[in-house]
Amino acid sequence: MDPNKEEEDRISLGKRDTAPRQSREEFPTMLPSDLDWLAPDTVDAFEDISDVDSTAQVQPYLFTNYMAKLAEERGVKVVMGTVEDINYKEDGTSSAADAEVYGGGGGALRRHPSGRSFSGRVVSSVTYRNNNAATSPAAASSSSSSSSSSSSSCTIPATTIILAAGPWTPTLFPWAPISALRAHSITIKVQRPLSSYCVFTEISFRGGSGGGGGGGGGGNSVDDNNNDDDGDDNNNNNNRSGGGNPRTITPEILTRPNNEVYLCGSGDYTIPLPPTASEITISTQRTAELIAAASGISDDLRSGTVTSKRACYLPTVVTPDRGRGPLVGETGVVGLLLAAGHSCWGVQNAPATGMVISEIVFDGKPKSADVSELDPRRVL
(Lines give C-alpha, C1' and ligand atoms only; values in the text may rest on other atoms or scores of the structure.)
Protein backbone atom coordinates (compact mmCIF):
# COMPACT_ATOMS: atom_id res chain seq x y z
CA MET A 1 0.00 0.00 0.00
CA ASP A 2 1.27 3.45 -0.90
CA PRO A 3 1.48 5.40 2.40
CA ASN A 4 1.09 8.66 0.47
CA LYS A 5 -2.34 7.83 -0.95
CA GLU A 6 -4.91 10.57 -0.55
CA GLU A 7 -7.03 10.30 2.57
CA GLU A 8 -10.24 10.24 0.52
CA ASP A 9 -9.16 6.87 -0.92
CA ARG A 10 -9.57 5.38 2.55
CA ILE A 11 -13.22 4.90 3.39
CA SER A 12 -14.17 4.48 7.03
CA LEU A 13 -16.30 1.64 8.34
CA GLY A 14 -19.93 2.53 9.02
CA LYS A 15 -20.88 3.84 12.44
CA ARG A 16 -23.30 2.00 14.70
CA ASP A 17 -26.88 3.08 14.08
CA THR A 18 -28.16 1.61 17.32
CA ALA A 19 -27.68 2.90 20.84
CA PRO A 20 -24.18 2.64 22.34
CA ARG A 21 -23.25 -0.59 24.07
CA GLN A 22 -23.43 -0.95 27.80
CA SER A 23 -20.37 0.44 29.55
CA ARG A 24 -17.96 -1.80 31.43
CA GLU A 25 -19.48 -0.56 34.68
CA GLU A 26 -22.98 -1.54 33.54
CA PHE A 27 -21.99 -4.93 32.13
CA PRO A 28 -19.87 -7.28 34.28
CA THR A 29 -16.87 -8.58 32.36
CA MET A 30 -14.21 -11.26 32.64
CA LEU A 31 -11.80 -9.23 30.49
CA PRO A 32 -8.63 -7.59 31.83
CA SER A 33 -9.25 -3.98 32.76
CA ASP A 34 -6.96 -2.61 30.03
CA LEU A 35 -8.60 -4.70 27.29
CA ASP A 36 -11.22 -1.99 27.03
CA TRP A 37 -11.52 -1.99 23.23
CA LEU A 38 -13.44 -5.29 23.14
CA ALA A 39 -17.16 -4.97 23.87
CA PRO A 40 -17.77 -6.98 27.07
CA ASP A 41 -21.33 -7.91 26.11
CA THR A 42 -20.02 -9.89 23.11
CA VAL A 43 -17.63 -12.09 25.14
CA ASP A 44 -18.83 -15.51 26.32
CA ALA A 45 -15.45 -16.83 27.51
CA PHE A 46 -11.93 -15.51 27.96
CA GLU A 47 -8.62 -17.21 28.78
CA ASP A 48 -5.33 -15.41 29.40
CA ILE A 49 -2.72 -17.70 27.80
CA SER A 50 0.43 -15.59 28.19
CA ASP A 51 1.84 -12.36 29.59
CA VAL A 52 4.21 -9.59 28.55
CA ASP A 53 7.24 -11.51 29.83
CA SER A 54 6.86 -14.24 27.20
CA THR A 55 5.42 -12.41 24.19
CA ALA A 56 6.55 -9.78 21.74
CA GLN A 57 5.45 -8.48 18.37
CA VAL A 58 7.29 -7.26 15.29
CA GLN A 59 5.82 -5.71 12.16
CA PRO A 60 6.93 -8.06 9.33
CA TYR A 61 7.60 -5.39 6.69
CA LEU A 62 9.60 -3.18 9.05
CA PHE A 63 11.45 -6.15 10.54
CA THR A 64 12.56 -7.70 7.25
CA ASN A 65 13.62 -4.36 5.77
CA TYR A 66 15.60 -3.46 8.88
CA MET A 67 17.36 -6.85 8.86
CA ALA A 68 18.26 -6.30 5.19
CA LYS A 69 19.62 -2.87 6.08
CA LEU A 70 21.79 -4.35 8.85
CA ALA A 71 23.10 -6.96 6.41
CA GLU A 72 24.01 -4.27 3.88
CA GLU A 73 25.90 -2.38 6.59
CA ARG A 74 27.98 -5.55 7.09
CA GLY A 75 28.84 -5.74 3.39
CA VAL A 76 26.02 -7.93 2.02
CA LYS A 77 24.73 -7.01 -1.44
CA VAL A 78 20.91 -7.21 -1.47
CA VAL A 79 19.35 -7.71 -4.91
CA MET A 80 15.60 -7.43 -5.51
CA GLY A 81 15.06 -10.11 -8.12
CA THR A 82 13.30 -13.31 -9.16
CA VAL A 83 15.23 -16.59 -9.11
CA GLU A 84 14.65 -18.62 -12.27
CA ASP A 85 16.89 -21.65 -11.70
CA ILE A 86 19.31 -23.30 -9.32
CA ASN A 87 22.05 -24.89 -11.45
CA TYR A 88 24.07 -27.99 -10.62
CA LYS A 89 27.15 -29.91 -11.71
CA GLU A 90 28.39 -33.47 -11.31
CA ASP A 91 30.94 -34.20 -8.59
CA GLY A 92 32.29 -37.28 -10.36
CA THR A 93 30.55 -39.83 -8.13
CA SER A 94 27.19 -40.04 -9.90
CA SER A 95 26.16 -43.03 -11.98
CA ALA A 96 24.31 -43.29 -15.28
CA ALA A 97 21.11 -43.91 -13.32
CA ASP A 98 21.65 -40.69 -11.39
CA ALA A 99 22.15 -38.81 -14.65
CA GLU A 100 18.78 -40.10 -15.85
CA VAL A 101 17.09 -38.95 -12.64
CA TYR A 102 18.61 -35.50 -13.02
CA GLY A 103 18.01 -35.20 -16.76
CA GLY A 104 16.51 -32.05 -18.22
CA GLY A 105 19.45 -30.12 -19.57
CA GLY A 106 20.79 -26.71 -18.74
CA GLY A 107 22.29 -27.92 -15.49
CA ALA A 108 18.94 -27.55 -13.72
CA LEU A 109 17.52 -30.18 -11.38
CA ARG A 110 14.29 -31.65 -12.74
CA ARG A 111 11.62 -33.81 -11.13
CA HIS A 112 11.77 -37.44 -12.21
CA PRO A 113 8.94 -39.87 -11.38
CA SER A 114 11.27 -42.84 -10.81
CA GLY A 115 13.19 -41.62 -7.78
CA ARG A 116 14.51 -38.89 -5.51
CA SER A 117 18.22 -39.66 -5.34
CA PHE A 118 20.44 -36.60 -5.04
CA SER A 119 23.67 -38.56 -5.39
CA GLY A 120 26.46 -36.86 -7.30
CA ARG A 121 25.05 -33.35 -7.56
CA VAL A 122 26.65 -30.12 -6.35
CA VAL A 123 25.24 -26.60 -6.64
CA SER A 124 27.15 -24.44 -9.11
CA SER A 125 25.20 -21.23 -9.72
CA VAL A 126 21.92 -19.33 -9.50
CA THR A 127 20.12 -17.75 -12.45
CA TYR A 128 17.89 -14.83 -11.57
CA ARG A 129 16.13 -11.87 -13.13
CA ASN A 130 17.06 -8.50 -11.69
CA ASN A 131 13.74 -6.74 -11.15
CA ASN A 132 15.41 -3.34 -11.19
CA ALA A 133 17.37 -3.92 -14.39
CA ALA A 134 14.41 -3.69 -16.77
CA THR A 135 14.13 0.05 -16.14
CA SER A 136 17.86 0.76 -16.10
CA PRO A 137 19.69 2.50 -18.98
CA ALA A 138 21.66 -0.69 -19.60
CA ALA A 139 18.48 -2.68 -20.15
CA ALA A 140 17.00 0.03 -22.35
CA SER A 141 20.04 -0.03 -24.63
CA SER A 142 20.22 -3.82 -24.94
CA SER A 143 19.93 -5.61 -28.26
CA SER A 144 16.52 -5.36 -29.88
CA SER A 145 16.52 -9.12 -30.42
CA SER A 146 16.45 -9.75 -26.65
CA SER A 147 13.41 -9.31 -24.45
CA SER A 148 13.58 -7.13 -21.35
CA SER A 149 13.31 -10.30 -19.27
CA SER A 150 16.24 -12.05 -20.91
CA SER A 151 18.35 -8.88 -21.01
CA SER A 152 18.15 -8.60 -17.22
CA SER A 153 18.77 -12.30 -16.54
CA CYS A 154 21.96 -12.95 -14.58
CA THR A 155 23.83 -16.06 -13.44
CA ILE A 156 26.18 -15.93 -10.47
CA PRO A 157 28.43 -18.79 -9.29
CA ALA A 158 27.69 -20.29 -5.88
CA THR A 159 29.14 -22.93 -3.58
CA THR A 160 26.34 -22.63 -0.99
CA ILE A 161 22.71 -21.76 -1.68
CA ILE A 162 20.12 -21.21 1.05
CA LEU A 163 16.66 -21.80 -0.39
CA ALA A 164 14.11 -19.82 1.64
CA ALA A 165 11.43 -19.14 -0.96
CA GLY A 166 8.41 -19.84 1.24
CA PRO A 167 5.48 -21.27 -0.74
CA TRP A 168 7.47 -20.92 -3.98
CA THR A 169 10.18 -23.32 -2.75
CA PRO A 170 8.91 -26.31 -4.83
CA THR A 171 9.14 -24.15 -7.96
CA LEU A 172 12.93 -24.23 -7.60
CA PHE A 173 13.26 -27.56 -5.78
CA PRO A 174 10.29 -29.79 -6.74
CA TRP A 175 11.12 -32.44 -4.13
CA ALA A 176 10.27 -30.10 -1.24
CA PRO A 177 6.95 -31.35 0.25
CA ILE A 178 5.50 -27.87 0.66
CA SER A 179 2.02 -26.68 -0.29
CA ALA A 180 0.64 -23.14 -0.44
CA LEU A 181 -2.27 -22.12 1.82
CA ARG A 182 -3.92 -18.78 1.00
CA ALA A 183 -4.83 -16.51 3.93
CA HIS A 184 -6.44 -13.06 4.10
CA SER A 185 -5.86 -10.09 6.36
CA ILE A 186 -6.88 -6.48 6.85
CA THR A 187 -5.49 -3.51 8.76
CA ILE A 188 -7.60 -0.88 10.49
CA LYS A 189 -6.57 2.60 11.60
CA VAL A 190 -8.33 3.41 14.88
CA GLN A 191 -8.92 6.80 16.47
CA ARG A 192 -7.08 6.23 19.75
CA PRO A 193 -4.19 4.11 21.05
CA LEU A 194 -5.34 0.62 22.05
CA SER A 195 -3.75 -1.60 24.68
CA SER A 196 -1.24 -4.11 23.31
CA TYR A 197 -2.87 -7.52 22.94
CA CYS A 198 -2.84 -10.46 20.55
CA VAL A 199 -6.34 -11.92 20.72
CA PHE A 200 -7.22 -15.33 19.25
CA THR A 201 -10.96 -15.33 18.69
CA GLU A 202 -13.94 -17.46 17.74
CA ILE A 203 -16.62 -15.12 16.46
CA SER A 204 -20.11 -16.34 15.54
CA PHE A 205 -22.57 -14.27 13.54
CA ARG A 206 -25.43 -14.62 11.08
CA GLY A 207 -26.04 -13.45 7.56
CA GLY A 208 -23.81 -12.75 4.59
CA SER A 209 -20.36 -11.25 4.51
CA GLY A 210 -21.66 -7.80 5.42
CA GLY A 211 -23.23 -8.79 8.75
CA GLY A 212 -21.33 -8.86 12.02
CA GLY A 213 -22.22 -10.07 15.47
CA GLY A 214 -22.77 -6.52 16.66
CA GLY A 215 -25.12 -5.38 13.93
CA GLY A 216 -23.19 -5.65 10.67
CA GLY A 217 -20.39 -3.78 9.04
CA GLY A 218 -19.18 -2.84 5.61
CA GLY A 219 -17.19 -0.32 3.67
CA ASN A 220 -14.40 -0.28 1.15
CA SER A 221 -10.66 -0.02 1.62
CA VAL A 222 -7.33 0.35 -0.06
CA ASP A 223 -6.13 -2.96 -1.54
CA ASP A 224 -2.44 -3.84 -1.42
CA ASN A 225 -3.12 -6.63 -3.93
CA ASN A 226 -4.86 -5.22 -7.00
CA ASN A 227 -6.38 -8.55 -8.01
CA ASP A 228 -9.90 -9.17 -6.69
CA ASP A 229 -11.44 -12.60 -7.12
CA ASP A 230 -14.81 -13.86 -5.99
CA GLY A 231 -14.51 -17.24 -7.67
CA ASP A 232 -14.55 -19.04 -4.33
CA ASP A 233 -17.51 -17.17 -2.86
CA ASN A 234 -20.34 -19.03 -4.57
CA ASN A 235 -18.62 -22.36 -4.01
CA ASN A 236 -18.50 -21.74 -0.27
CA ASN A 237 -21.87 -20.11 0.31
CA ASN A 238 -23.56 -23.39 1.19
CA ASN A 239 -20.90 -24.20 3.77
CA ARG A 240 -20.04 -20.78 5.14
CA SER A 241 -22.85 -18.27 4.63
CA GLY A 242 -25.91 -20.44 4.91
CA GLY A 243 -28.34 -17.69 3.96
CA GLY A 244 -28.55 -16.28 7.45
CA ASN A 245 -27.49 -19.37 9.38
CA PRO A 246 -25.00 -18.81 12.20
CA ARG A 247 -21.37 -19.40 11.31
CA THR A 248 -18.07 -19.02 13.10
CA ILE A 249 -14.76 -17.57 11.94
CA THR A 250 -11.52 -17.44 13.92
CA PRO A 251 -9.63 -14.22 13.19
CA GLU A 252 -6.50 -13.23 15.10
CA ILE A 253 -6.38 -9.59 16.20
CA LEU A 254 -3.10 -7.81 16.92
CA THR A 255 -2.86 -4.21 18.04
CA ARG A 256 0.16 -2.33 16.69
CA PRO A 257 1.83 1.03 17.31
CA ASN A 258 0.55 4.15 15.55
CA ASN A 259 -3.10 3.23 16.17
CA GLU A 260 -3.04 0.30 13.72
CA VAL A 261 -4.82 -3.03 14.23
CA TYR A 262 -4.09 -6.16 12.18
CA LEU A 263 -6.63 -8.97 11.64
CA CYS A 264 -5.97 -12.23 9.81
CA GLY A 265 -8.38 -15.05 9.00
CA SER A 266 -8.29 -18.77 8.28
CA GLY A 267 -6.74 -20.23 5.14
CA ASP A 268 -8.04 -21.85 1.96
CA TYR A 269 -6.74 -23.80 -1.02
CA THR A 270 -9.32 -22.38 -3.45
CA ILE A 271 -6.92 -20.44 -5.68
CA PRO A 272 -3.55 -22.05 -6.61
CA LEU A 273 -0.30 -20.24 -5.92
CA PRO A 274 0.47 -17.81 -8.77
CA PRO A 275 3.96 -17.38 -10.26
CA THR A 276 4.60 -14.09 -8.41
CA ALA A 277 3.31 -12.26 -5.34
CA SER A 278 1.97 -9.43 -7.50
CA GLU A 279 -0.51 -11.87 -9.08
CA ILE A 280 -2.12 -13.00 -5.82
CA THR A 281 -5.90 -12.58 -5.87
CA ILE A 282 -8.10 -11.43 -2.99
CA SER A 283 -11.50 -12.86 -2.07
CA THR A 284 -13.76 -9.91 -1.29
CA GLN A 285 -16.01 -12.20 0.76
CA ARG A 286 -13.22 -13.30 3.08
CA THR A 287 -11.98 -9.77 3.72
CA ALA A 288 -15.58 -8.61 4.22
CA GLU A 289 -15.99 -11.31 6.87
CA LEU A 290 -13.00 -9.91 8.75
CA ILE A 291 -14.48 -6.41 8.57
CA ALA A 292 -17.85 -7.70 9.80
CA ALA A 293 -16.25 -9.63 12.66
CA ALA A 294 -14.22 -6.60 13.76
CA SER A 295 -17.30 -4.38 13.61
CA GLY A 296 -19.31 -6.81 15.70
CA ILE A 297 -17.00 -7.03 18.71
CA SER A 298 -15.47 -3.57 19.03
CA ASP A 299 -16.74 -0.02 18.65
CA ASP A 300 -13.14 1.14 18.23
CA LEU A 301 -12.62 -1.19 15.27
CA ARG A 302 -16.04 -0.41 13.83
CA SER A 303 -15.40 3.33 13.83
CA GLY A 304 -11.92 2.89 12.39
CA THR A 305 -10.73 3.07 8.79
CA VAL A 306 -9.77 -0.01 6.79
CA THR A 307 -6.34 0.87 5.37
CA SER A 308 -5.52 -2.38 3.54
CA LYS A 309 -6.93 -5.72 2.43
CA ARG A 310 -4.38 -8.40 1.62
CA ALA A 311 -3.93 -12.05 0.74
CA CYS A 312 -0.78 -14.13 1.09
CA TYR A 313 0.26 -17.77 0.85
CA LEU A 314 1.65 -19.76 3.77
CA PRO A 315 4.20 -22.54 3.09
CA THR A 316 2.88 -25.66 4.83
CA VAL A 317 4.82 -28.93 4.98
CA VAL A 318 2.83 -31.91 3.70
CA THR A 319 4.28 -34.99 5.43
CA PRO A 320 1.43 -36.65 7.37
CA ASP A 321 3.54 -39.67 8.31
CA ARG A 322 6.63 -37.74 9.42
CA GLY A 323 5.39 -34.76 11.36
CA ARG A 324 5.20 -31.11 10.38
CA GLY A 325 7.68 -28.44 9.40
CA PRO A 326 9.56 -26.32 9.07
CA LEU A 327 12.37 -27.90 7.05
CA VAL A 328 15.72 -26.47 8.13
CA GLY A 329 19.11 -27.83 7.09
CA GLU A 330 20.87 -29.86 4.41
CA THR A 331 18.99 -31.44 1.52
CA GLY A 332 21.36 -34.13 0.28
CA VAL A 333 22.44 -31.95 -2.64
CA VAL A 334 25.93 -30.67 -1.82
CA GLY A 335 25.76 -26.95 -1.08
CA LEU A 336 21.95 -26.66 -1.04
CA LEU A 337 20.33 -25.79 2.30
CA LEU A 338 16.60 -25.51 2.89
CA ALA A 339 14.89 -23.05 5.23
CA ALA A 340 11.18 -23.15 4.43
CA GLY A 341 7.80 -24.51 5.49
CA HIS A 342 7.22 -22.32 8.57
CA SER A 343 3.51 -21.78 7.82
CA CYS A 344 2.25 -18.74 9.78
CA TRP A 345 5.24 -18.79 12.17
CA GLY A 346 7.82 -17.55 9.68
CA VAL A 347 8.49 -14.15 11.24
CA GLN A 348 8.63 -15.61 14.74
CA ASN A 349 11.04 -18.40 13.77
CA ALA A 350 13.09 -16.47 11.20
CA PRO A 351 15.87 -15.27 13.58
CA ALA A 352 16.40 -18.76 15.03
CA THR A 353 16.28 -20.31 11.55
CA GLY A 354 18.89 -17.83 10.33
CA MET A 355 21.12 -18.60 13.30
CA VAL A 356 20.96 -22.37 12.74
CA ILE A 357 21.52 -22.08 8.99
CA SER A 358 24.53 -19.78 9.51
CA GLU A 359 26.03 -22.34 11.91
CA ILE A 360 25.64 -25.09 9.32
CA VAL A 361 27.34 -22.90 6.70
CA PHE A 362 30.25 -21.65 8.81
CA ASP A 363 30.65 -24.36 11.47
CA GLY A 364 29.47 -27.44 9.61
CA LYS A 365 26.60 -28.21 12.01
CA PRO A 366 23.99 -26.43 14.15
CA LYS A 367 25.19 -25.54 17.64
CA SER A 368 22.55 -23.31 19.21
CA ALA A 369 19.66 -25.79 18.99
CA ASP A 370 18.84 -29.42 18.26
CA VAL A 371 17.01 -29.26 14.93
CA SER A 372 17.35 -32.92 13.97
CA GLU A 373 13.55 -33.25 13.80
CA LEU A 374 13.54 -30.49 11.16
CA ASP A 375 16.21 -32.08 8.93
CA PRO A 376 14.90 -31.95 5.33
CA ARG A 377 16.63 -35.26 4.54
CA ARG A 378 14.05 -37.03 6.71
CA VAL A 379 11.33 -36.28 4.15
CA LEU A 380 13.22 -35.98 0.85
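These numbers were taken from a predicted model, which means no experiment stands behind them. (Residues numbered from 1 in each chain as written. Predicted model: local features only at pLDDT ≥ 70, side-chain atom pairs only at ≥ 80, totals over all residues. Heavy atoms only, no water.)

### Considering the overall build of the protein chain
Move 1: Scanning the protein chain from terminus to terminus reveals nine helices and 15 strands.
Move 2: Looking at the protein chain as a whole, 39% of its 380 residues are labelled buried.
Move 3: Taking contacts inside the protein chain between residues at least 6 apart in sequence as the whole, the part at least 24 apart equals 77%. (Helix = DSSP H or I, 4+ residues; strand = E, 2+ residues; numbered from the N terminus. Buried < 20%, exposed > 50% of the residue type's maximum accessible area, 1.4 Å probe, protein only. Contact = heavy atoms within 4.5 Å.)

### Here's the deal with the side chain of N87
Move 1: Checked against the element boundaries, N87 lands in strand β1 (residues 81–90).
Move 2: Looking at N87, the relative accessible area reads 9%, which means it is buried.
Move 3: A polar atom in the side chain of N87 sits 3.0 Å from the side chain of T127. (Polar contact = N/O pair within 3.5 Å; in protein donor to acceptor, adjacent residues only side chain to side chain.)

### Structural notes on helix α7 (residues 284–297)
Helical periodicity: at 3.6 residues per turn, an α-helix aligns residues three or four positions apart in one direction.
Move 1: Spanning 14 residues, α7 covers 20 Å between terminal C-alpha atoms, matching the ideal 20 Å at 1.5 Å per step.
Move 2: Judged by how many residues are buried, α7 sits mostly within the fold: 13 of 14 residues are covered. (Expected span 1.5 Å × (residues − 1).)

### Thoughts on the sheet that holds strand β10 (residues 252–256)
Think of a sheet as strands paired side by side through backbone hydrogen bonds, with each pair either parallel or antiparallel.
Move 1: Pairing is antiparallel in the open sheet, where five strands are placed in the order β6-β10-β11-β5-β13. Of all strands in the sheet, those with a lone pairing partner are β6 (198–200) and β13 (305–317), marking the two edges. Mean inter-strand twist for the sheet, computed between neighbouring axes without regard to direction, equals 20°.
Move 2: Note: strand β5 (residues 178–189) against β13, twelve bridges, orientation antiparallel. Its bridge partner being in β13, H184 is matched across the sheet by A311.
Move 3: On top of the sheet, α7 reaches β5, β10, β11 (260–268) and β13; it is set at about 45° to β5, its chief contact. (Pairing = 2+ DSSP bridges. Axes fitted to C-alpha atoms, helices over the stretch in contact; angles between N-to-C directions.)

### As for the confidence of the model for the protein chain
Move 1: Averaged over all residues, the pLDDT of the protein chain equals 77, while 68% of them reach at least 70.
Move 2: Of all the helices and strands in the protein chain, helix α3 (residues 137–140) carries the lowest mean pLDDT, 34, while strand β4 (residues 161–163) carries the highest, 98.
Move 3: Every residue in residues 94–114 is under pLDDT 50, and counting partners more than four places away or in other chains gives 36 contacts.
Move 4: Taken as a whole, residues 231–243 scores under 50 in pLDDT and shows 19 contacts with residues more than four places along the chain or in a different chain. (pLDDT = per-residue confidence, 0-100.)

### Overview of the packing of aromatic side chains
Here a ring pair, both rings aromatic, is described through the centre-centre distance and the interplanar angle of the planes.
Move 1: In the structure shown here, the tally under the stated rule is one aromatic pair.
Move 2: Centre to centre, the rings of F173 and W175 are 5.8 Å apart; their planes meet at 50°, and the pair counts as tilted. Pair check on accessibility: F173 and W175 agree, each one buried. (Phe/Tyr/Trp six-rings, centres within 6.5 Å; stacked < 30°, edge-to-face > 60°.)

### Describing the side chain of S308
Move 1: Residue position: S308 is located in strand β13.
Move 2: Here the side chain of S308 touches T187 through a polar contact of 2.5 Å, side chain to side chain.
Move 3: Within the structure, S308 has its side chain in polar contact with the side chain of R310 (distance 3.1 Å).

### Side note on helix α1 (residues 60–73)
Move 1: Here α1 spans 20 Å end to end across 14 residues, near enough to the 20 Å set by a 1.5 Å rise per residue.
Move 2: N-capping of α1 is provided by Q59, with a side-chain oxygen placed 2.8 Å from the backbone N of Y61.

### Description of the sheet that holds strand β2 (residues 121–130)
Move 1: Strand order across the open sheet formed by three strands is β1-β2-β3, with antiparallel pairing between neighbours. The sheet is open, and its two borders are formed by β1 and β3 (153–157), each paired with just one other strand. The mean angle between the axes of side-by-side strands here comes to 25°, regardless of whether they run parallel or antiparallel.

### A look at a negative patch on the surface
Move 1: Together, E47, D48, D51 and D53 give the surface a local cluster of negative charge.
Move 2: Mapped onto the fold, E47 is located in the segment before α1.
Move 3: The exposure class assigned to E47 is exposed, which follows from its relative accessible area of 64%. (Patch = residues over 30% accessible without salt bridge, like charges linked within 9 Å, V, L, I, M, F, W, Y side chains within 5 Å. Areas by Shrake-Rupley, 256 points an atom, 1.4 Å probe, with all protein chains shown as cover. Salt bridge = Lys/Arg side-chain N within 4 Å of Asp/Glu carboxyl O. Lys, Arg positive; Asp, Glu negative; His and termini not counted. Charge placed at Lys NZ, Arg CZ, Asp CG, Glu CD.)

### Describing the environment of L374
Move 1: Looking at the element boundaries, L374 is found in the segment after α9 (346–363).
Move 2: Relative accessible area serves as the criterion here: at 23%, L374 is assigned to the partly exposed category.
Move 3: Each C-alpha atom of the pair L374 and P326 lies 6.1 Å from the other, and the pair is 48 residues apart in sequence.

### Structural notes on the pattern of salt bridges
Move 1: The final tally for this structure, using the stated rule, is eight salt bridges.
Move 2: A salt bridge links R192 to D36; the nearest nitrogen and oxygen atoms lie 3.5 Å apart. Here R192 is found in the loop between β5 and β6, whereas its partner D36 is found in the segment before α1, with 156 residues between them in sequence.
Move 3: When its relative accessible area of 35% is taken as the criterion, D36 is described as partly exposed.

### Quick notes on the environment of F46
Move 1: Within the secondary structure, F46 is located in the segment before α1.
Move 2: Of the residues examined, F46 reaches a relative accessible area of 31% and is grouped as partly exposed.
Move 3: Sequence spacing of F46 and V199 is 153 residues, and the spatial spacing of their C-alpha atoms is 9.8 Å.
Move 4: In this structure F46 touches M30, L31, P32 and L35, once residues within four positions along its chain are discounted.

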